[in-house]
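Read off the chains here:
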Amino acid sequence: MLYRATTERAFERFTKGDQFVAEGYAHDYTYERDGQPIAGEEFVAKKIGHDTARTRYDVDRTSRQALERQAAGQAFEPPQHHQATPAADSLSM
């Protein structure tokens, strides 16, 4: 079982037949059907990802801030790098 944001991310990134690894826990539960108790167990995944030993993929290293700016329609502006100018009283050899 996947819940909340984990479910949304998995739905966006996985297709039928993908190999994956998951971290989570087993959850025991019981319910009643026709007056009889029924026991079951489900795996609750807290983390899930493609199995890197069996999957070829590209990693998008775009920062989340850049993605948020793109989604908001703002242009990406790289940080300004200023070149230091030597001070008038510096010595050079």
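The structure we're discussing is the one just above.
Computed from a predicted structure; not experimentally measured. (Residues numbered from 1 in each chain as written. Predicted model: local features only at pLDDT ≥ 70, side-chain atom pairs only at ≥ 80, totals over all residues. Heavy atoms only, no water.)

### Side note on the overall build of the chain
When helices and strands are counted, the chain shows 2 helices and 2 strands. N-terminal to C-terminal, the α/β element order of the chain is α-β-β-α. The buried share of the chain, taken over its 93 residues, is 10%. Here the contacts in the chain between residues at least 6 apart in sequence split such that 49% fall between residues at least 24 apart. By element, 49% of the accessible surface of the chain is carried by carbon and sulfur atoms, the whole surface being about 9,200 Å². (Helix = DSSP H or I, 4+ residues; strand = E, 2+ residues; numbered from the N terminus. Buried < 20%, exposed > 50% of the residue type's maximum accessible area, 1.4 Å probe, protein only. Contact = heavy atoms within 4.5 Å. Areas by Shrake-Rupley, 256 points an atom, 1.4 Å probe, with all protein chains shown as cover.)

### Brief notes about the pairing of strand E2 (residues 36-50)
Along any regular strand the residues' side chains alternate between the sheet's two faces. Note: strand E1 (residues 20-33) against E2, 14 bridges, orientation antiparallel. The residue bridging Tyr-25 from the neighbouring strand is Val-44, located in E2. The turn joining E1 and E2, which pair antiparallel and follow one another in sequence, is formed by 2 residues; a positive phi near 55° is taken by Asp-34. (Pairing = 2+ DSSP bridges.)

### What about the environment of Gly-40?
You can see Gly-40 is positioned in strand E2. For the pair Gly-40 and Thr-30, spaced 10 residues apart in sequence, the C-alpha to C-alpha distance is 6.1 Å. Apart from residues lying up to four places away in sequence, Gly-40 is in contact with His-27, Asp-28 and Tyr-29.

### Quick look at the packing of aromatic side chains
Counted by the stated rule, this structure contains 2 aromatic pairs. Judged by centre distance (6.2 Å) and plane angle (15°), the rings of Tyr-29 and Tyr-31 are stacked. (Phe/Tyr/Trp six-rings, centres within 6.5 Å; stacked < 30°, edge-to-face > 60°.)

Remember that the coordinates give geometry; whether it matters functionally is a separate question.
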